[in-house]
Amino acid sequence: MAFAPAHSTTSPLNQLTPHLLSNIVVLRGDPASSTLTLPPRLLPRDRTRLRTLRSSSSGHRSYICMCSDLKGAAAVVTKDSWEKSILRSECPVLVEFYARWCGPCRMVHEVMDEIAREYDGKIKCYLLNTDQDLQIARDYDVKAVPVVMVFKGGEKRESVIGTMPKSFYEAAIRRVMDS
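Presented here is a report on the structure given in the accompanying data block. (Residues numbered from 1 in each chain as written. Predicted model: local features only at pLDDT ≥ 70, side-chain atom pairs only at ≥ 80, totals over all residues. Heavy atoms only, no water.)

Side note on the state of the cysteines
Note the threshold: Throughout, disulfides are identified as pairs of cysteine sulfur atoms within 2.5 Å of each other. Relative accessibility under 20% of the residue-type maximum defines a buried residue, over 50% an exposed one, and the middle range a partly exposed one, all with a 1.4 Å probe and only protein chains included.
Inspection of the entire model under this criterion finds one disulfide. Covalent S-S linkage joins Cys-102 and Cys-105, the inter-sulfur distance amounting to 2.4 Å. Across the disulfide from Cys-102 to Cys-105, rotation about the S-S bond amounts to roughly 85°, and the bridge is consequently right-handed. Residues Cys-102 and Cys-105 agree in their burial class; the two are buried. Free of any disulfide, Cys-125 has its nearest cysteine sulfur in Cys-91, 9.2 Å distant. You can call Cys-125 buried: its relative accessible area is 7%.

In structure tokens, the structure reads:
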């Protein structure tokens, strides 16, 4: 199986759905395509680490790669893990509210991954899909995406609305960490 960058026209990115789990990433792809297209943040450094997990009766295959290949990537949070991951976190938390269809959100994902790597051990970074967890988005009055919020002690302390330079997010983090 060949690998291609995310902008490849051989296999559209929307044919794959990444699901971050505790220690693996599962990608579901279209078996009709001979090329598996992954966003750059999901490309494993060691291409041999990507393995076929299973094939379904519909012909779709799932692939896995270990999260150690994705060290520093922002993790996914859902309504099921919200309280434990965000509200009961002992350190500040950065959360991006996004939607799969949102182009600007993809740019913010890259910034979130950079921040996750640079602030590793000081803050935790998460992504929340507002289409799947609409109630949480409503609880925090998210009307449009992307929105990045900084939480500390279980409370929202800062928010950045829209796609902004990395320095905006870092300034919000510093203000919360200094408070």
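Points about the pairing of strand E11 (residues 155-161)
The test is simple: For two strands to be treated as a pair, DSSP must find no fewer than two bridges joining them. Think of it this way: any DSSP run of H or I at least four residues long counts as a helix, any run of E at least two long counts as a strand, and we number them from the N terminus.
One ladder, built from six bridges, connects strand E10 (residues 147-152) with E11; its direction is antiparallel. Pairing of Val-150 across the sheet is with Glu-158, part of E11. In this antiparallel pair of consecutive strands, E10 and E11, the connection spans two residues, and Gly-153 shows a positive phi of 65°.

Some details on helix H2 (residues 103-118)
Three or four residues apart is the spacing at which side chains of an α-helix point the same way, because the helix has 3.6 residues per turn. How we decide: Multiplying 1.5 Å by the helix residue count minus one yields the expected span of that helix. Contacts are assigned to residue pairs with any non-hydrogen atoms lying within 4.5 Å of each other.
Given a rise of 1.5 Å per residue, 16 residues ought to cover 22 Å, and the 24 Å separating the end C-alpha atoms of H2 matches this to within 8%. Every buried residue belonging to H2 is among Cys-105, Val-108, His-109, Val-111, Met-112, Asp-113, Ile-115 and Ala-116, and all of these are buried. Tucked inside the fold, the buried residues of H2 contact strand E8 (93-98), strand E9 (124-129), E10 and helix H4 (166-178).

A closer look at the pairing of E9
Our working rule: By convention, orient the strands away from the viewer: a clockwise path from the first strand over the helix to the second makes the crossover right-handed.
In terms of residue burial, E9 counts as a mostly covered element, since five of its six residues are buried. Pairing of strand E7 (residues 75-76) with E9, which is carried by two bridges, proceeds in the parallel orientation. Counted as the bridge partner of Val-76 is Leu-127 from E9. Viewed along the sheet, the connection from E8 through H2 into E9 turns out right-handed.

Focus on the environment of Val-93
With respect to the helices and strands, the residue Val-93 is situated in strand E8. Take Val-93: its relative accessible area is 1%, and that puts it in the buried class. Ignoring anything within four residues of it in the chain, the contact list for Val-93 reads Ser-85, Ile-86, Lys-124, Tyr-126, Met-149, Val-150 and Phe-151.

Some remarks on unusual backbone geometry
Cis geometry marks the peptide bond from Val-145 to Pro-146; its omega dihedral reads 0°. Residue placement: Pro-146 occurs in the loop between helix H3 (134-139) and E10.

Everything listed here is a matter of coordinates, which is why it stays silent on function.
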